[in-house]
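# Summary of structural features
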Amino acid sequence: MGDLHDTKVLKHPFSDRVPIRSIVCRPDGGAGLGGQLVRIGGWVKTGREQGKGSFAFLEVNDGSCPANLQVIVEKEVADLSSLVHTGACVSVEGVLKEPPEGTKQKIELRVGKVLHVGPVDPAKYPIPKTKLTLEFLRDHIHLRPRTNTISAVARIRNALAFATHSFFQEHGFLYIHTPIITTSDCEGAGEMFQVTTLINEVEKIEKELSENPPPSEADIEAAKLVVKEKGGAVAQLKSAKASKEDIAASVAELTNAKENLLKLEERSKLKPGIPKKDGKIDYSLDFFSRQAFLTVSGQLQVETYACTVSNVYTFGPTFRAENSHTSRHLAEFWMVEPEIAFADLEWLLDKCLDDMELMAKLYDKGCIDRLRMVASTPFKRISYTEAVKLLEEAVQGGKKFENKVEWGIDLASEHERYLTEVLFQKPVIVYNYPKGIKAFYMRLNDDSKTVAAMDVLVPKVGELIGGSQREERLEVIQQRIVGMGLPLEPYEWYLDLRRYGTVKHSGFGLGFERMILFATGIDNIRDVIPFPRYPGRADL
Ligand SMILES: NC(=O)C[C@H](N)C(=O)O
């Protein structure tokens, strides 16, 4: 968008429109731009006719910044009634003018030509200008980007994504595109969405039906008759006290007739274009020749590159089939996952801090205080064992937690919040978790009870980052996989990284949406991703 201090407004690179940002987001509020002819395009936030309908004031926003441009249209130029409704799209050309002294705006646009109007019926528009709750907006996912909050979140999200890439690129990391579809369960927790192929299923049903047409109603009626006859035959033989063998043979015929009827009825339900639902044919095995899933983490795959090009990261969507209905979980979320060869956990903890500091510095526009605090305060570091001790002390002191506190538990959100918000009032890094609650790939510590894992907990959000030193010893990791009841076979390729040229290495995953929650102060994670996915929601 160029230098905002430029004395000329800057055209959008792909159209002849000027971004509103380049008019109003200047130190002088745009005052120095008076007299320039510009074209803008955007959506009306508010509008009203004035001077007995002789002109209209419009507040227009084009998403380039949170601020609106005040636009004035006279009735000679356009039909004002179609312009003034919230949500209408307008594209106009006119001259920038400084309004009279004492007005809030430093610049406004006097329209000479209206180039486009996309009207709205105000009686039907679902996003009126009144303040709407985020819950309400979640039911209008496609229109909610038109609100100030959601468009601001989109800009912050974009800036954070850009900063993530800039940071890693500047530090010599390679961006590796890890797959979305995989057969490996990185966390070994079974929270995977299975990938099935609807088209395959439909094709298969169509083929089957063309080779073997479905039964007609008459076929089914005939089969029902056979069942009735066979049933009658069994009853007759029984009342005639026939021999056991004869009765058994007759019962077998009845069973066959019933099975045949069931089959026919089932086949009659098969219709082209509708996949069979009874689960009898495992179509899911078709496409990939084995069960495939949506990835829960790009970590295992990105490790293959860390073990040859040293410093890598992946940043993409990940999926968890967790039935969580909380404000901190999504079924589809984005994760930033760096992986570094020759690094142990100590090294990683330091780097993680840098990362957060850098992000905080870049985004002082979000929740400024919290970000400032992250940038300036050293994180508290405590071991898991210390954390549990502190929580136990709190319980002894009268603090009530819903989840019980004892060595071996996974820290609940209330525990994480207590540590970060009450006890330390700053981000807390908890390290060396019990092996029983962490994934198989984390390096076993010398005590054989804990693993070299760390979580970064932050106020408001709880766990923001989870990471670990990876287990680089072949026998140990094999034992861990087996010990957790997981099959070795799907992980053989991963074990090869330990068989051939193994090296200590570490990495972490940062939940991108949680980072946005933290930066923006928004409460619900469903509001910081454009199209949230959670139990019961996958449309749009
Ligand atoms: N890359 C990582 O360390 C993240 C880790 N696999 C997780 O999903 O929690």
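As a reminder, the structure under discussion sits directly above these lines.
One structure accompanies this document, and this report is about it.

Quick notes on the rules
Residue numbers run consecutively from 1 along every chain, following the written order of its sequence. It should be noted that, the model being predicted, local features are given only for residues of pLDDT at least 70 and side-chain atom pairs only at 80 or more, the latter also being counted only at that level, while totals for whole chains, interfaces and linings use all residues. Processing note: side-chain calculations cover all non-hydrogen atoms of the structure and skip hydrogens and water entirely. Put simply, DSSP marks the helices as runs of H or I at least four residues long and the strands as runs of E at least two long, and each gets a number from the N terminus on. Three labels apply to residues, based on accessible area from a 1.4 Å probe with only protein chains included: buried if under 20% of the type maximum, exposed if over 50%, partly exposed otherwise in between. By definition, residues are in contact when any of their heavy atoms lie within 4.5 Å. Residue-level accessible areas treat just the shown protein chains as cover; the underlying method is Shrake-Rupley with a 1.4 Å probe. A pair of strands counts as paired when DSSP detects no fewer than two bridges linking them. Every angle, taken between N-to-C directions, lies between 0 and 180 degrees, and every axis is a line fitted to C-alpha atoms, over only the stretch in contact when it is a helix. Arc definition: it is the arc formed by the directions from the helix axis to the C-beta atoms. Residue proximity to a molecule or strand is established when one non-hydrogen atom of the residue lies within 4 Å of it. Here a polar contact is recorded for every N or O atom pair within 3.5 Å, except that within protein the pair must consist of a potential hydrogen donor and a potential acceptor, and residues adjacent in sequence are included only if both atoms are side-chain atoms. Points on a 1 Å grid, built from protein atoms alone, make a cavity when a 1.4 Å probe fits but cannot get out and make a pocket when they are open with protein on both sides within 12 Å along at least 5 of 7 lines; residues with an atom within 4 Å of a point are the lining residues. Put plainly, a molecule is in a cavity or pocket when over half of its atoms are within 2 Å of the grid points there. Expected helix span is taken as 1.5 Å per residue step, with the number of steps being one fewer than the number of residues. Put simply, two rings from Phe, Tyr or Trp (the six-membered ring, in Trp's case) pair if the centres are within 6.5 Å, and we call them stacked under 30 degrees between planes, edge-to-face over 60, tilted for the rest.

## A word on the overall build of the protein
- Within the protein, the regular secondary structure consists of 14 helices and 16 strands.
- Buried positions account for 45% of the 540 residues belonging to the protein.
- Here the contacts in the protein between residues at least 6 apart in sequence split such that 66% fall between residues at least 24 apart.
- Counting only carbon and sulfur atoms, one obtains 54% of the accessible surface of the protein, whose full area is about 27,600 Å².

## Quick notes on the sheet that holds strand 16 (residues 505-511)
- One open sheet accounts for eight strands, arranged 6-10-11-16-15-14-13-12; its pairing is mixed. Looking at the sheet topology across the chains shown, the edges are occupied by strand 6 (174-175) and strand 12 (380-383).
- Strand direction decides the pairing type here: strand 6 and strand 10 (residues 311-319), joined by two bridges, are parallel. When the bridges of strand 10 are listed, Tyr 175 appears paired with Tyr 313.
- Together, strand 12 and strand 13 (428-434) form the strand contacts of helix 10 (residues 384-396), whose direction differs from that of strand 12 by roughly 95°.

## Overview of helix 13 (residues 492-499)
- Turning to helix 13, its buried residues are Tyr 494, Leu 495, Leu 497 and Arg 498. Looking down the long axis of helix 13, one finds its buried residues gathered within 140° of arc, a one-sided arrangement.
- For helix 13, the elements touching its buried residues are helix 7 (299-309), helix 12 (474-483) and strand 16.
- Of the residues one or two after helix 13, Gly 501 is the one with positive phi, at around 65°.

## Comments concerning the site of the ligand
- Taken together, 13 residues lie around the ligand, and Glu 187, Gln 299, Arg 320, Glu 337 and Arg 470 are the ones closest in.
- At 2.6 Å, a side-chain N or O of Gln 299 approaches a nitrogen atom of the ligand.
- Expressed as a share of its isolated accessible area of 270 Å², the protein-covered part of the ligand is 89%.
- Most atoms of the ligand, that is more than half of them, are within 2 Å of grid points of the largest pocket.
- When residues of the shell around the ligand are traced back to their parent elements, those giving at least two are strand 11 (332-341) and strand 16.

## What about helix 5 (residues 217-239)?
- The end-to-end C-alpha distance of helix 5 is 33 Å, a good match for the 33 Å that 23 residues give at a rise of 1.5 Å each.
- The elements touched by buried residues of helix 5 are helix 6 (244-269).
- Positive backbone phi, at 50°, marks Lys 241, one or two positions downstream of helix 5.

## With respect to the pairing of strand 1 (residues 37-50)
- Sheet analysis places strand 1 next to strand 4 (residues 89-97), joined by seven bridges and oriented antiparallel. Bridging across to strand 4, Ile 40 finds its partner in Val 92.
- Inspection of the sheet shows strand 1 paired to strand 2 (residues 55-61) by seven bridges, in the antiparallel sense. The residue of strand 2 that forms the bridge with Glu 49 is Ala 56.

## A look at the packing of aromatic side chains
- Summed over all chains, the structure comprises 14 aromatic pairs.
- Between Tyr 175 and Tyr 313, the aromatic rings sit 5.1 Å apart at their centres with planes inclined by 20°, giving stacked as the arrangement. A residue pair is termed long-range when its members are at least 10 positions apart, and Tyr 175 in strand 6 and Tyr 313 in strand 10 qualify at 138 residues.
- Relative to Trp 407, the ring of Tyr 384 lies with its centre 5.7 Å away and its plane at 85°, an arrangement referred to as edge-to-face. Placement of the pair is Tyr 384 in helix 10 and Trp 407 in the loop between helix 10 and helix 11 (413-423), with a sequence separation of 23 residues.
- Each member of the aromatic cluster is reached from another via a ring pair, and the members are Phe 167, Phe 168, Phe 173, Tyr 175 and Tyr 313.

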